[in-house]
Amino acid sequence: MLNVLLTHLLVGLALLVAGRPLGRRAFLVGAVAPVAALAWLAGRLGAVLDGDAVRQHVTWIPVLDLGVEVRIDGFAALLVLVVAGIGVGVFVYAHGYFDSEADAERAARLAGLLVLFSGAMLGVVSADNVLVLYGAWELTSVLSFLLVGDRFRDPAARAAATQAILVTGAGGLCLLLGLIMLGRAAGTYRLSAILAEPPSGTVTGVALVLVAIGAFTKSAQYPFHGWLPGAMVAPTPISAYLHSATMVKAGVYLIARFAPAFAATAPAWRWLVVGVGLWSMVAGGVRALREHDLKVVLAFGTISQLGFMVALFGLGLDATTFAACAVLAAHAVFKAALFMVVGVVDHGFGTRDVRAIPRQAGPGWRGTRAVAVLSALSMAGVPFTLGFVAKEAALAAAADGGVGGTAAVTVALVVGSALTAAYSFRVAAGVLGRLEVPAGGAGHEEAAHEGAVPEGAVPEGADAPHAPAATFVAVPLLLAGLTVAFGLAPGPLDALVGASAASLVGSAVPKHLAAWHGINLALGLSAVALATGAVLFEAGRRGRLPWRRVRRLPSGDALYHGSVAAITATAARVTGLVQVGSMPVYLGVILTTVTVVPLAVLVAGGGLAGDWPTLVDHGAQVPIVAVMLGAAIGTAVLRHRLSVALLLGVVGYAMAGLFVVHGAPDLALTQAAVETLTTVLFVLTLRRLPTRFERRSTRATRWLRIAVSTGVGVTVFALALAAAQNPLARVVSGEMVARSLPDANGANVVNVILVDFRGWTRSVRSAWWPWPPSARGPGPGRSTAFAGHPFGRRGAARRRSGRRPAAGPAGTVRHVFVDAVVRVLVLIALVVSVYLLVAGHNDPGGGFVGGLVAGAAVALRYIAGGIDDVRSMVRPQPWTILGAGLVTAAVTAAVPVLFGRPVLDNGYWTIDPPLLDPIGVSSALAFDLGVYLVVVGLVFMAFEAFGDEPRRFPS
C-alpha cells in the first residue's frame, strides 16, 4: 500500500511540474494512480473478505515506536474501492468536462492536485497510526482548498475555499488534540490497538468529543455545514469526487471506526453523534427542497445523507453498522453519477437552475436524462435500486432496536428518508425540465453559485442545447447501471459490506443485502417515506411549502461569518492593547518570558546541583574570550549601526576560535561562514536604516534593559551548565563518536549525525541499495557527479553579449581590477563549496557549510557588481533552487522505503576508478546536496529582497 501512496505522490507531482503540454489528457494520465490502487486491492481482496487484515509497517524510530503503518481490513477495503473506483471514473469524466482551450491551460494542475488528493484520502482510510491519519487528514483539507479555489481570480471561489479550509482546519486542530489525548490514555497511537482495548475516563470522554468535532467539520454536519454548499463553485468533477464520494466521508469514516468501541462505554458521546447526525439529516433535507441550483440541491442532500450515515454508525450496533456500510457504498455510486449529470446539463444548457432547463432537448439528451432519473430514484430509495436495498437495511436495523431511544431514531430516519425522496424527485424533474416557477414563486438561493441563474431568467441558447458526446456520459451511465444492477442482485456486494461491518464491530454480522425481504415493517416504513416524499415534492413544486419558517433554520454561513467577525473584533482589541508599536517592548516581553520560565523550572528541579566545570581548559581561551567580551560590550555602547554589525561579526568569529581550541573544526568552519554571510546581509539591511541609533530611553528603561539582558545571560549560562552535567548527553555523544566510522563509514562525526544518524538507523553496513557494494574504505567522499556547476552560465552569456552593468551596489563605480579579482575569488569559493559538500562525510564540511561558502561567493559578486551581477550567476529563479533542494532531500528520505528500509536510511558503497584510489560514496551525499541547494536558494532570495537600491536617510 505504501507503494500505491508513493505512486500517487509521484504521478501528482509529475503532472503539476511537467503536465501542462498534455492539456486535458493529463486526466487520463492521472487515472493511472487510482487504477494502481484498484489493482493492488484486487490482489488482496479475497484475504480481506475472509477477515484477514493486510498490514504494512515501516519503522522510523524504533525506540519511540514511531513509524508509518497501514492496515487494510474490510471497512478500509470498502473505502479504498470507493476512493479509487470513483476516482478512475472522475478522471475519465474530467477529460470530457474540460474541453475548451481555456480549460486545457489548467487541466494539468487540476489533474495533479486530484491525484495527490486521491493519495491523501487513501492515506486517511489506510493509516493505522492516528498521527499519520491526522497528517493525511490535513493534507486533504489543503488540497481541497486548492481545488475549490482553482478559479483564484474569482472572489466567490476564493471566499468558498477560505471558508472550507478555516472550518475544516479548526476541526482538524480539535481532532489532533483529541487523538493525542486518546493515544496518551491508551498508551499507544496505533488505531487498531486503541480500538481493541479502548480506554475510559474523563480524559477519554473529552478526547472523543474533540474527535467528533473534527469529524463533524469534515463531513459538513450542523452547525459546521456552511462550507459545503459554498464549495459548489468548484468545477463539477471536483464536486463529484471531493464533495460527494470521498472527502466528506472522512468524518463518517472516523465515527464508524470509533463508534463500535466507544458507543457502549460513552453513551453521552453516542447520543451526541446520533443527535448531530439526525439534525443534519432533517435540516439538510429541508434546505435542499428550497434550492434551485442543482449542485446546491445535491450539496444539501449530501449533508442530509451524511447525517443519515453518521446517525447509523453512531449507534454502534451490529445491524446499524452493517446498514451504514451499505448506505455509504450506495451513496458514493448514485451521488457521483448525479453530480456528473449536473455537469453535463450545465455544459449543454448553460445553466443549473431547475427553472430554466427546457423540457424539449432533442433525442441526444435521452441517455443523460435516463441516467439522472435512475440515479435520483436510487437516491430516493425506490425499489429495485441499490439505494432502496441500503435504505431498507437501515430502517430494518433501526426498527429492531437494541438500545434505548431507537424508536425516536427510527421516526427521524423515516422523516429524513421522506425528505430525501422529495428532493430526489426534485432533481429528476429539474433535469427533465418539468419544474415550473409558480406565480409569485417563493424562495431563491441565498447566495450566488457558479452557473446559477436569477429567478425567472432563461440563459441564452437554452432552446438549442448541444447534445453531450457519448464518452462524456459514459461514466455516469456506468454508475447508474451499477446502482440498478446491484439493486436487482446485491449479492456480489453483500460479501464486501459484511466484511466491512465485521471489521468494525469485531465479529461476523448475520445480516445480508437482498432486493426483497418480503412484506415487513421496513418495507412499510419505506413506502411511507416514499409517499410522504412525493407529497412534499408536489407541494414544493406548487409553491405551498412554508419557506418563511424554513428561513429560521440555523444557517452555517451566518455562524461562520459571525465567528470570523467576532474573532476579528477580538483580535483588533487585543492588538490595540498589546501592540504598542515599540520593538524594545516586544523584545523585552519575549526575552523576559524565555528567561523566567526556564530558569524557574531549572532551579525548582535542582538542575544546578552538580560540580562546576573547570574555568579555563586551554590558555588560548583567555584572549579569545577577552576579544569576545570587548566586542560584545562595544555593541551595547556604540551608536553607529555599521560598527555594531561589524562587532557582532567579531563576536561570531571569536566563537569560531573557541571551537577551534576545543577541537571542533567543522563547527568553526560553519560558524565562520555564517558570520561572513550574516554580516554582509546585516550591512544590506542597514542601508535602509538611519546611520546611527537614536537614544530615546530614560534612565529607568536603560536599567530595565540591563536587567533583562543580564537575566538572559544568566539563564543561558545556567542551561549550558545543566546540559553539560547531564550524564545521558555524554553517553549519547560517546556512542555517536564510536559508531560514526564503523556504522556510517564517515570520519566526520558532526556531518554523520546530521545526514546519517538523523534517521535513527542502527547500522547501514548492509546497504539497502539494490547492487552489492564493493570493498569498503572510508575514503574521501569525492564524486564524479559534480563535474560542472550551474553557477556562471548566465554570467557567461552576458559576457559573450558584451553587456555589463555600469555601476556596482548603491551606484558605486566599478573597477576592472576589482572585477577580475572578484571573479577569481568567486570561482575559488565555488570550488571550495563543492569540495566541502562532497568531502563532508569524512572531513570538515557538508551541505550546509558548502552552501554558506557559495553564499559568500554570491556576496562577493554583489559587492563588486550589484544585484545585476548576482542575478547573472544562475538561470533558475531563487525559489526554484530552494524547491529543488527540498525535493532532493525529500526524495532521498523516501527512496529507502522502496527497498523495505526505514525512512531516511542511507547506503554506502565504493567506486574503484582506474589509476585512482577507491572512492567511498554515501547516499547521504544526496541529502547534503538538497541542503546545499536550499541554503544557496535562500541566499539568492535574501539578495533579491535586500539588494535593490535603498531609500536614502539623512545622516
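Note that the structure is predicted; figures quoted are calculated from it, not measured.

Asker: It is not clear to me how the overall build of the chain should be interpreted in this structure. Could you clarify?
Answerer: Along the backbone of the chain there are 37 helices and four strands. Expressed as a percentage of its 955 residues, the buried residues of the chain come to 50%. Contacts in the chain between residues far apart in sequence, at least 24 positions, make up 79% of those at least 6 positions apart. Within the structure as shown, the chain displays about 41,900 Å² of accessible surface, and the carbon and sulfur contribution to it stands at 68%.

Asker: Can you help me understand the pattern of salt bridges in this one?
Answerer: Throughout the structure, instances matching the rule amount to 10 salt bridges. Residue Asp150 is joined to Arg106 by a salt bridge in which the shortest nitrogen-to-oxygen separation is 2.0 Å. With a gap of 44 residues between them, Asp150 in the loop between helix 7 (130-148) and helix 8 (155-186) and Arg106 in helix 6 (residues 101-126) connect regions that are remote in the sequence. Looking at Asp150, the relative accessible area reads 4%, which means it is buried. Through salt bridges with shared partners, one network takes in Arg71, Asp73 and Arg257.

Asker: So what exactly am I meant to see when it comes to the confidence of the model for the chain here?
Answerer: Low pLDDT marks stretches whose predicted atomic positions should not be read closely. Confidence along the chain averages 80 in pLDDT terms, with 83% of residues attaining 70 or more. Every residue in residues 438-463 scores below 50 in pLDDT, and together they form 54 contacts with partners more than four places removed in sequence or on other chains. Scored below 50 in pLDDT, residues 760-804 shows 98 contacts in the model against residues more than four places distant or in partner chains.

Asker: Help me understand the packing of helix 7 against helix 8 in this model?
Answerer: Geometry of a packed helix pair, given as the angle between the helix axes and the separation of the axes. In contact at an axis separation of 8 Å, helix 7 and helix 8 are set at 175° when each is read in the N-to-C sense. With respect to helix 8, the axis of helix 7 lies roughly antiparallel. Of the residues belonging to the contact of helix 7 with helix 8, the class tally is 16 nonpolar, five polar and one charged.

Asker: Hey, could you run me through helix 34 (residues 847-865) in this one?
Answerer: In an α-helix, one turn spans 3.6 residues, which is why side chains three or four residues apart end up on the same side. An ideal rise of 1.5 Å per residue puts 27 Å on 19 residues; helix 34 measures up with 27 Å between its terminal C-alpha atoms. With respect to burial, helix 34 is a largely interior element, 15 of its 19 residues being buried. Gly866 sits one or two positions beyond helix 34 and adopts a positive phi of about 85°.

Asker: What exactly am I supposed to notice about a nonpolar patch on the surface here?
Answerer: Among the surface-exposed residues, Phe817, Val818, Val821, Val824, Leu825, Ile828 and Val832 lie close enough to one another that they form a single nonpolar patch of about 600 Å² accessible area. By relative accessible area, Val821 is classed as partly exposed at 34%.

Asker: So what exactly am I meant to see when it comes to the packing of aromatic side chains here?
Answerer: As enumerated under the stated definition, the model contains 11 aromatic pairs in all. Pairing Tyr97 with Phe98 gives two aromatic rings, centres 5.0 Å apart and planes at 75°, and the pair type is edge-to-face. Assessed through its relative accessible area of 6%, Tyr97 is described here as buried. Ring pairs connect the aromatic residues Phe27, Tyr93, Tyr97, Phe98 and Phe472, which therefore count as one cluster.

Asker: Which parts of the structure should I look at to understand the packing of helix 19 (residues 406-432) against helix 22 (residues 521-541)?
Answerer: Their axes nearest at 7 Å, the elements helix 19 and helix 22 cross at an angle of 45°. In terms of their interaxial angle, helix 19 and helix 22 are classed as oblique. Helix-helix and strand crossings are classified by hand; for helix 19 and helix 22 the assignment is right-handed. Contacts from Thr410, Val414, Ser417, Ala418, Leu419, Ala421, Ala422, Phe425, Arg426 and Ala429 in helix 19 reach Leu525, Val528, Ala529, Leu530, Thr532, Gly533, Ala534, Leu536 and Phe537 in helix 22. Broken down by class, the residue content of the contact of helix 19 with helix 22 amounts to 14 nonpolar, four polar and one charged.

Asker: Got a minute to help me understand the environment of Arg257 in this structure?
Answerer: Residue position: Arg257 is located in helix 13 (residues 249-262). Residues Arg257 and Phe75, 182 residues apart in the sequence, show an inter-C-alpha distance of 8.8 Å. Apart from residues no more than four positions distant in its own chain, Arg257 is found in contact with Asp73, Phe75, Ala76, Val125, Leu195, Ser503 and Leu504. A polar side-chain atom of Arg257 sits 2.8 Å from a polar atom in the side chain of Asp73.

Asker: Sorry, what's going on with unusual backbone geometry here?
Answerer: For residues other than glycine, phi is negative in most cases, and the peptide bonds are mostly trans. In this model, Tyr222 is joined to Pro223 through a cis peptide bond whose omega is 5°. Within the fold, Pro223 resides in the loop between helix 10 (202-218) and helix 11 (227-230). Positive phi, normally seen in glycine, also occurs at Ala220, with a value near 55°. Its location among the elements puts Ala220 in the loop between helix 10 and helix 11. Here the phi dihedral of Phe384 falls at roughly 70°; this positive angle occurs in a residue that is not glycine. For Phe384, a relative accessible area of 46% puts it in the partly exposed group.

Asker: I'm lost on helix 18 (residues 386-400) in this one. Help?
Answerer: Taking 1.5 Å of rise per residue, 15 residues should cover 21 Å, and helix 18 covers 21 Å from first to last C-alpha, within 8% of that figure. In terms of residue burial, helix 18 counts as a mostly covered element, since 12 of its 15 residues are buried. Listing the buried residues of helix 18 in full gives Leu386, Gly387, Phe388, Val389, Ala390, Lys391, Glu392, Ala393, Ala394, Leu395, Ala397 and Ala398. One or two residues past the end of helix 18 sits Gly401, with phi positive at roughly 75°.

Asker: How do you make sense of the side chain of Thr246 when you look at a structure like this?
Answerer: Mapped onto the fold, Thr246 is located in the loop between helix 12 (236-245) and helix 13. Of the polar contacts made by the side chain of Thr246, one reaches the backbone oxygen of Tyr241; its length is 2.3 Å. Not counting chain neighbours up to four residues away, the residues in contact with Thr246 comprise Val83, Phe117, Met121 and Tyr241.

Asker: Please clarify how the environment of Trp137 should be interpreted in this entry.
Answerer: Tracing the chain through its elements places Trp137 in helix 7. On the accessibility criterion, Trp137 (1% relative accessible area) is buried. Between the alpha carbons of Trp137 and Thr168 there is a distance of 9.7 Å; along the sequence they are 31 residues apart. Once you skip the residues sitting within four places of it in the chain, Trp137 turns out to touch Val124, Gly172, Leu175, Gly214, Ala215, Lys218, Ala250, Gly251 and Leu254.

Asker: Explanation requested: the nonpolar core in the structure shown.
Answerer: Counting residues in each nonpolar core, the largest one holds 198 residues, and the members touching the most others are Phe75, Phe258 and Phe313. The contact partners of Phe258, leaving out residues within four places of it in the chain, are Leu179, Leu182, Leu191, Leu195, Leu208, Val211, Ala263 and Trp269. Membership of the second largest hydrophobic core comes to 35 residues, among which are Val680, Val834, Ile867 and Val921.

So, how was this worked out
Residues numbered from 1 in each chain as written. Predicted model: local features only at pLDDT ≥ 70, side-chain atom pairs only at ≥ 80, totals over all residues. Heavy atoms only, no water. Helix = DSSP H or I, 4+ residues; strand = E, 2+ residues; numbered from the N terminus. Buried < 20%, exposed > 50% of the residue type's maximum accessible area, 1.4 Å probe, protein only. Contact = heavy atoms within 4.5 Å. Areas by Shrake-Rupley, 256 points an atom, 1.4 Å probe, with all protein chains shown as cover. Salt bridge = Lys/Arg side-chain N within 4 Å of Asp/Glu carboxyl O. pLDDT = per-residue confidence, 0-100. Axes fitted to C-alpha atoms, helices over the stretch in contact; angles between N-to-C directions. Parallel < 35°, antiparallel > 145°, perpendicular 65-115°, else oblique. Nonpolar A, V, L, I, M, F, W, Y, C, P; charged D, E, K, R; others polar. Expected span 1.5 Å × (residues − 1). Patch = residues over 30% accessible without salt bridge, like charges linked within 9 Å, V, L, I, M, F, W, Y side chains within 5 Å. Phe/Tyr/Trp six-rings, centres within 6.5 Å; stacked < 30°, edge-to-face > 60°. Left-handed = near helix turned anticlockwise from the far one by under 90°. Polar contact = N/O pair within 3.5 Å; in protein donor to acceptor, adjacent residues only side chain to side chain. Core = buried A, V, L, I, M, F, W, Y, C linked by side-chain atoms within 4.5 Å.

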